[in-house]
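# Structural description and commentary
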Amino acid sequence: MKYIKFSNGDEMPMIGLGTAGIPIDQSYDVVREAIKIGYRHFDCSPIYKNEAEVGRALNEAIKDGEVTREELWITSKLWNSDHRYNDVEPACEKSLEAMGLDYFDLYLIHWPVAVERGIEWAQNEEEHLAEEEAPLEDTWTGMEDCLAEGTTKHIGVSNFNINKLKLILEECMDPPEVNQCEWHPYLPQQTLYDFCKSNKIKMTAYAPLGSPGRPDEYRSATDPDLLAEPAITDIANKHGMTPAQALLAYGLTRKMAVIPRSTNTGRLQDNFDAQDLKLDREDLRSLIVLSKFRYFKGEEHTSNGSPYKLTDIWEY
Ligand SMILES: NC(=O)c1ccc[n+]([C@@H]2O[C@H](COP(=O)([O-])OP(=O)(O)OC[C@H]3O[C@@H](n4cnc5c(N)ncnc54)[C@H](OP(=O)(O)O)[C@@H]3O)[C@@H](O)[C@H]2O)c1
């Protein structure tokens, strides 16, 4: 197993299982299967709607002696409705309770945007919260409280650009240790990558396969298919890997943790095995020049009367 090491010596397995989009009725079986294959890192969120099933699978695997809690790395995230300082710790505790856990290994602010309490996706102006109503610095203080209380061992962010990272870094007592972002050869985000590296912020790549199973609302007919990208299939053919393995091996070579989602036993195994595969310099060079594309544009956070703009969220 390959790991990313934190300053306190804790180690996050570099290949994890993404749990977004795993149907509720398959979540238990997929997680049990993943543990049998060797997965120890699970990426979760209350917005994925399967916390109870994922948690039950993890706990039963522990009870059956397949794995210990200490061997697992469980990440969860703070949803946009819980950004007010007083809401952060209760939200973390609610997710722990839903999953039947005592602590998370990593707790992330899911998005740098806020909505009203109890809202999942804001439908109108009233359901959004402007940044002044729930400042990210206050949300971060709540995250630091979670760390101090031991409900999570590490804290971080997701979908944060350099400006938002700087805001937290300037104000914080405990810096973010991870930034989880969409990352793959169409979206290498070199400036953000370099900033995170120089500030000792580790990165996790979501949608590392280009999210071919993403919901229709995130899809248009002209979207490129990353798994069919000729530069990727050439590397896969050259080394006798699958395109997915080439993409995951690329992430690992760049020291990213990768969290592909699969509900298929063979693909779970293929993805896990990618950590033993290597790309060479020629492969890496061939991926630098690819055209750029973002699959998760974040428009759901900047529409319906939202005070947020896409230019506030991403580096352009
Ligand atoms: N922080 C955030 O805002 C955020 C946003 C998006 C995602 N995430 C996290 O990142 C995880 C991964 O992202 P994602 O699920 O959108 O995208 P992804 O992992 O890039 O792609 C998943 C899709 O790829 C297919 N797949 C998996 N392995 C494959 C293989 N070896 N060959 C061919 N196809 C394969 C899966 O289908 P099968 O199931 O049929 O194999 C599924 O449809 C999520 O589950 C979630 O935990 C976080």
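Moving on: the layout of surface pockets. Estimated volume of the largest pocket: approximately 1000 Å³. Forming the walls of the largest pocket are 43 residues, and the residues nearest its centre are A20, G21, S211, R261 and F296. In terms of residue count, the dominant contributor to the lining of the largest pocket is helix α9 (residues 265-273) (three residues). Here the lining of the largest pocket is composed, by residue class, of 18 nonpolar, 15 polar and 10 charged. Size it by volume and the second largest pocket reaches roughly 340 Å³. With five residues, the top contributor of residues to the lining of the second largest pocket is helix α3 (residues 85-99). Per-class residue counts for the lining of the second largest pocket are eight nonpolar, three polar and six charged.

It is worth spelling out the site of the ligand at this point. Close to the ligand lie 29 residues; D43, L209, S211, S262 and R267 are nearest. Within the backbone of G210, one N or O atom sits 3.5 Å away from an oxygen atom of the ligand. T263 places a polar main-chain atom, nitrogen or oxygen, 2.8 Å from an oxygen atom of the ligand. Summarising the interface, the protein chains cover 89% of the accessible area of the ligand, which totals 900 Å² for the free molecule. With respect to the pocket detection grid, the ligand is positioned in the largest pocket. When grouped by side-chain class, the residues that make up the shell around the ligand number 13 nonpolar, 12 polar and four charged.

Turning our eyes to something else, we now look at helix α7 (residues 230-239). Those residues of α7 lying buried are A231, I232, I235 and A236. Looking straight down α7, one finds that the buried residues subtend no more than 135° of arc, so they occupy a single side. Structural note: α7 exposes P230, D234 and N237 on the side pointing more than 90 degrees away from its buried face. G240 sits one or two residues past α7 and shows a positive phi near 70°.

Okay, the packing of helix α2 (residues 51-63) against α3 next. Direction vectors running N to C along α2 and α3 enclose 60°, while the axes themselves pass 7 Å from each other. Here α2 is positioned oblique relative to α3, judged by the angle of their axes. Across the interface between the two elements, E51, A52, V54, G55, R56, L58 and N59 of α2 pack against S95, A98 and M99 of α3. Grouping the amino acids of the contact of α2 with α3 by side-chain chemistry returns five nonpolar, three polar and two charged.

The relative placement of two packed helices comes down to the angle between their axes together with the axis-to-axis distance. Between helix α4 (residues 136-149) and helix α5 (residues 162-171), the shortest axis-to-axis distance is 10 Å and the interhelical angle comes to 60°. Taken together, the axis directions place α4 and α5 in an arrangement best described as oblique. Handedness of the α4/α5 crossing: right-handed. Between α4, through L136, E137 and W140, and α5, the contact on the second element is made entirely by K164, L167, I168 and E171. Residues of the contact of α4 with α5, tallied by class, amount to four nonpolar, no polar and three charged.

Now for unusual backbone geometry. For S211, which is not glycine, the phi dihedral falls at a positive 45°. Its place among the elements puts S211 in the loop between β11 (202-206) and α7. Residues other than glycine seldom take positive phi values, yet N304 does so here, at roughly 55°. Along the polypeptide, N304 turns up in the loop between α10 (281-288) and α11 (310-313).

Taken across its six residues, strand β5 (residues 73-78) has six buried, putting it largely inside the fold. On the question of chirality, the crossover connecting strand β4 (residues 41-43) to the parallel β5 by way of α2 is right-handed. Taken together, the four bridges between β5 and strand β6 (residues 106-109) define a ladder with parallel strand orientation. Pairing of T75 across the sheet is with L106, part of β6. Regarding the hand of the β-α-β motif, the stretch spanning β5, α3 and β6 is right-handed.

Attention shifts here to the packing of aromatic side chains. On inspection of all chains with the given rule, the structure shows nine aromatic pairs. Pairing Y39 with F272 gives two aromatic rings, centres 5.0 Å apart and planes at 45°, and the pair type is tilted. Here F272 lies in helix α9 and Y39 lies in the loop between α1 (24-37) and β4, a separation of 233 residues in the sequence. The residues Y39 and F272 share a single accessibility class, namely buried. Ring geometry for W111 against W314: centres 5.8 Å apart, planes inclined by 70°, an arrangement best described as edge-to-face. Taken together, the residues W111 in the loop between β6 and β7 (114-115) and W314 in the segment after α11 connect sequence positions 203 residues apart. Judged by its relative accessible area of 6%, W111 is buried. The ring of Y103 is capped by K153, whose NZ or CZ atom sits 4.5 Å from the centre of that ring.

Scoring rules and cut-offs
- Residues numbered from 1 in each chain as written.
- Predicted model: local features only at pLDDT ≥ 70, side-chain atom pairs only at ≥ 80, totals over all residues.
- Heavy atoms only, no water.
- 1 Å grid on protein atoms, 1.4 Å probe; cavity = no way out; pocket = protein on both sides within 12 Å on 5 of 7 lines; lining within 4 Å.
- Points joined across faces, edges and corners; volume = space filled by probe spheres on them.
- Helix = DSSP H or I, 4+ residues; strand = E, 2+ residues; numbered from the N terminus.
- Nonpolar A, V, L, I, M, F, W, Y, C, P; charged D, E, K, R; others polar.
- Near = heavy atom within 4 Å.
- Polar contact = N/O pair within 3.5 Å; in protein donor to acceptor, adjacent residues only side chain to side chain.
- Areas by Shrake-Rupley, 256 points an atom, 1.4 Å probe, with all protein chains shown as cover.
- Sits in = over half its atoms within 2 Å of the grid points.
- Buried < 20%, exposed > 50% of the residue type's maximum accessible area, 1.4 Å probe, protein only.
- Arc of directions from axis to C-beta.
- Axes fitted to C-alpha atoms, helices over the stretch in contact; angles between N-to-C directions.
- Parallel < 35°, antiparallel > 145°, perpendicular 65-115°, else oblique.
- Contact = heavy atoms within 4.5 Å.
- Left-handed = near helix turned anticlockwise from the far one by under 90°.
- Right-handed = clockwise from strand over helix to strand, strands pointing away.
- Pairing = 2+ DSSP bridges.
- Phe/Tyr/Trp six-rings, centres within 6.5 Å; stacked < 30°, edge-to-face > 60°.
- Lys NZ or Arg CZ within 6 Å of the ring centre and 35° of its normal.

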